[in-house]
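# Coordinates in review
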Amino acid sequence: MSEGARNTRQFLGASSSGAGGSGSSSAGYRSGGIGAAARTTNDVNTGILDENVLALVFRSLNFDPKALCTVCCVSRRLRAVAERVLWRELCMSHAPRMVASLTGAGAGGAPPPPGRVVGGWPALAKLLLFCCGEAAAAAVRGHFTGVSRFSKTSGRSFLSRRCRGDLLYMSDPCEHAVPGADDDMGAYRGVFRGFMRSRTLACLVGRQAPLETRVRCPYCGARVWSMVAAGMAPRSAGRRLGAYEGRLEYYVCVSGHLHGNCWLARLTSSDGDDSEVDDDASTEGGSDGGPVAP
């Protein structure tokens, strides 16, 4: 008999003959107690599955999105914890003021309650930190962004006059060199606050704009409207991006996520004198024009 087996037998014998114990109780422990304890443990998240423990671990990693994606692939339970808690914490960590504005959180700094973001927290986290590129061009692939800047001022440029009351956060275009093309392609993304109650959605429904059949939202997978096909893409959007006229396309999904691309015009010396003041440029915190850095 091995030393380990002998020690185990001695431990079980001592348990059955201990004070206040009985053979039947120890047998019950051996036959059902461990299983009952296991069942009790499985009913709650403990150890590495504890939400507080995971939040502390990822907070020490500055909520690295790549590490979080890796954790989501380990098991279904870890993925469930991530979708319930960690993606929300990541969004709040990288863009606290923007998230507070999107969720309508109070001024007291209380964290937004789960489930208050249409499309889900993983989709919002992906939108904050991932450029989707251009699906139609294989040479322009999606990638994590180093620093992203989201601005309400840029968002107003993408809204028609009838929809200027909506709140839209827009990123600066992410420039991509396309092989064989003289100009760079710009990919950009954004998100509406309260899209289900927005004037933009009301106008799309009123115009009976059809949903695209071949394009899906790269962030939540929902169906999308083409704003150009719906006649709701103002010229100010192209001017804001510095794009060629008529060479801009963007989509809005039913969850309020926006993505699109354009061909960026080459700047001349006179184009650098922009008298427009960006009221979000000096805002910090990764939200109202501030950087969002992973």
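These notes cover the structure that comes with them. Source: prediction; values computed, not measured.

What counts and what doesn't
- One numbering rule holds for all chains: residues counted from 1, following each sequence as written.
- In keeping with the model being predicted, local features are shown solely for residues with a pLDDT of at least 70 and side-chain atom pairs are shown and tallied solely at 80 or more, while totals for entire chains, interfaces and linings include all residues.
- Only hydrogens and water are set aside; all other atoms, that is, all heavy atoms of the structure, feed into the side-chain values.
- Helix and strand definitions follow DSSP, with helices as H or I runs of at least four residues and strands as E runs of at least two, each counted in order from the N terminus.
- Here, two residues are considered to be in contact whenever any of their heavy atoms come within 4.5 Å of each other.
- For our purposes a nonpolar core is just a set of buried Ala, Val, Leu, Ile, Met, Phe, Trp, Tyr and Cys residues, chained together by side-chain atoms within 4.5 Å.
- The classification of residues rests on relative accessible area computed with a 1.4 Å probe and restricted to protein chains. Under 20% of the type maximum is buried, over 50% is exposed, and intermediate values are partly exposed.
- What counts as an axis is a line fitted to C-alpha atoms, over the stretch in contact for a helix, and the angles between N-to-C directions run from 0 to 180 degrees.
- Geometric relationships in this document are graded by angle, where less than 35 degrees denotes roughly parallel, more than 145 denotes roughly antiparallel, 65 to 115 denotes roughly perpendicular, and other angles denote oblique.
- The hand of a helix crossing depends on one turn: near helix anticlockwise from the far one by less than a right angle means left-handed, and clockwise means right-handed.
- Exposure above 30% relative accessible area and the lack of any salt bridge qualify a residue for a patch; like charges then connect within 9 Å, and the nonpolar side chains Val, Leu, Ile, Met, Phe, Trp and Tyr within 5 Å.
- The Shrake-Rupley method, run with a 1.4 Å probe, gives the accessible areas here. Residue values count only the displayed protein chains as cover.
- Here a salt bridge means any side-chain nitrogen of Lys or Arg lying within 4 Å of a carboxyl oxygen belonging to Asp or Glu.
- In summary, the pairing rule links any two rings of Phe, Tyr or Trp, Trp by its six-membered ring, whose centres are within 6.5 Å, and it sorts them by plane angle into stacked for under 30 degrees, edge-to-face for over 60 and tilted for everything else.

Turning to the overall build of the protein chain, a few remarks are in order. Regarding its fold elements, the protein chain presents 10 helices and 10 strands. A separation threshold of at least 6 residues defines the contact pool for the protein chain, and within that pool the share at least 24 residues apart is 61%.

Take the nonpolar core next. Core analysis: the largest hydrophobic core is formed by 38 residues, its most contacted members being Leu-68, Leu-86, Trp-87 and Met-98. Those elements that place two or more of their residues in this core are helix H3 (51-60), helix H4 (65-72), helix H5 (76-94), helix H6 (96-103), helix H7 (121-129) and strand S8 (243-253). For this core, the element with the highest residue contribution is H5, accounting for 8 residues. Non-local contacts of Leu-68, meaning those with residues more than four positions away in its chain, are made with Phe-58, Ala-82, Leu-86, Trp-87 and Leu-90. Cys-203, Ala-237, Leu-248 and Cys-262 belong to the second largest nonpolar core, which has 25 residues in total.

For the rest of this paragraph, the subject is the environment of Asn-52. Summarising the element assignment, Asn-52 is placed in helix H3. Taking the relative accessible area as the measure of exposure, Asn-52 reaches 59% and is therefore exposed. Between the C-alpha atom of Asn-52 and that of Leu-86, which follows or precedes it by 34 residues, the distance is 9.7 Å.

Between H6 and H7, the shortest axis-to-axis distance is 13 Å and the interhelical angle comes to 135°. Between H6 and H7, the angle falls in the class oblique. Between H6 and H7 lies a crossing of right-handed hand. Residue-level inspection shows Met-98, Val-99, Leu-102 and Thr-103 of H6 in contact with H7, the latter providing Trp-121, Leu-124 and Leu-128.

Right, let's get into a nonpolar patch on the surface. A surface patch of nonpolar side chains, about 210 Å² in accessible area, is lined by Val-53, Val-57 and Leu-61. Summarising the element assignment, Val-53 is placed in helix H3. Here Val-53 falls in the partly exposed class, since its relative accessible area comes to 35%.

The set of residues buried in H6 consists of Met-98, Val-99, Ser-101, Leu-102 and Thr-103. Elements in contact with the buried residues of H6: H5, H7, strand S3 (148-151), strand S4 (168-171) and strand S6 (184-192). Just downstream of H6 lies Gly-104, where phi reads positive at about 70°.

Before going further, it helps to examine the side chain of Ser-101. Assignment of secondary structure puts Ser-101 in helix H6. The exposure class of Ser-101 is buried, given its relative accessible area of 16%. Excluding residues within four positions of it along the chain, Ser-101 makes contact with Leu-167, Tyr-169 and Arg-193.

Counted according to the given criterion, the structure contains 6 aromatic pairs. Judged by centre distance (5.5 Å) and plane angle (50°), the rings of Phe-158 and Tyr-188 are tilted. Within this pair, whereas Phe-158 is found in the loop between helix H8 (152-157) and S4, its partner Tyr-188 is found in strand S6, the two being separated by 30 residues in sequence. Here Phe-158 matches Tyr-188 in class, with each residue buried. Arranged with centres 6.4 Å apart and planes meeting at 50°, the rings of Phe-195 and Trp-225 form a pair that is tilted. A residue pair is termed long-range when its members are at least 10 positions apart, and Phe-195 in the loop between S6 and helix H9 (199-206) and Trp-225 in strand S7 (residues 224-226) qualify at 30 residues. Judged by relative accessible area, which is 3%, Phe-195 ranks as buried. For Trp-225, a relative accessible area of 8% translates into the label buried.

With that settled, consider the pattern of salt bridges. If you walk through the whole model with that rule in mind, you get 4 salt bridges. With its nearest N and O atoms 3.6 Å apart, the salt bridge here joins Arg-59 to Glu-89. With a gap of 30 residues between them, Arg-59 in helix H3 and Glu-89 in helix H5 connect regions that are remote in the sequence. A residue is classified by how much of its surface remains accessible, and Arg-59, at 46% relative accessible area, is partly exposed. Glu-83 serves as the salt-bridge partner of Arg-79, at 3.3 Å between the closest nitrogen and oxygen. Residue Arg-79 and its partner Glu-83 are both found in helix H5; the two are separated by 4 residues, about one turn of the helix.

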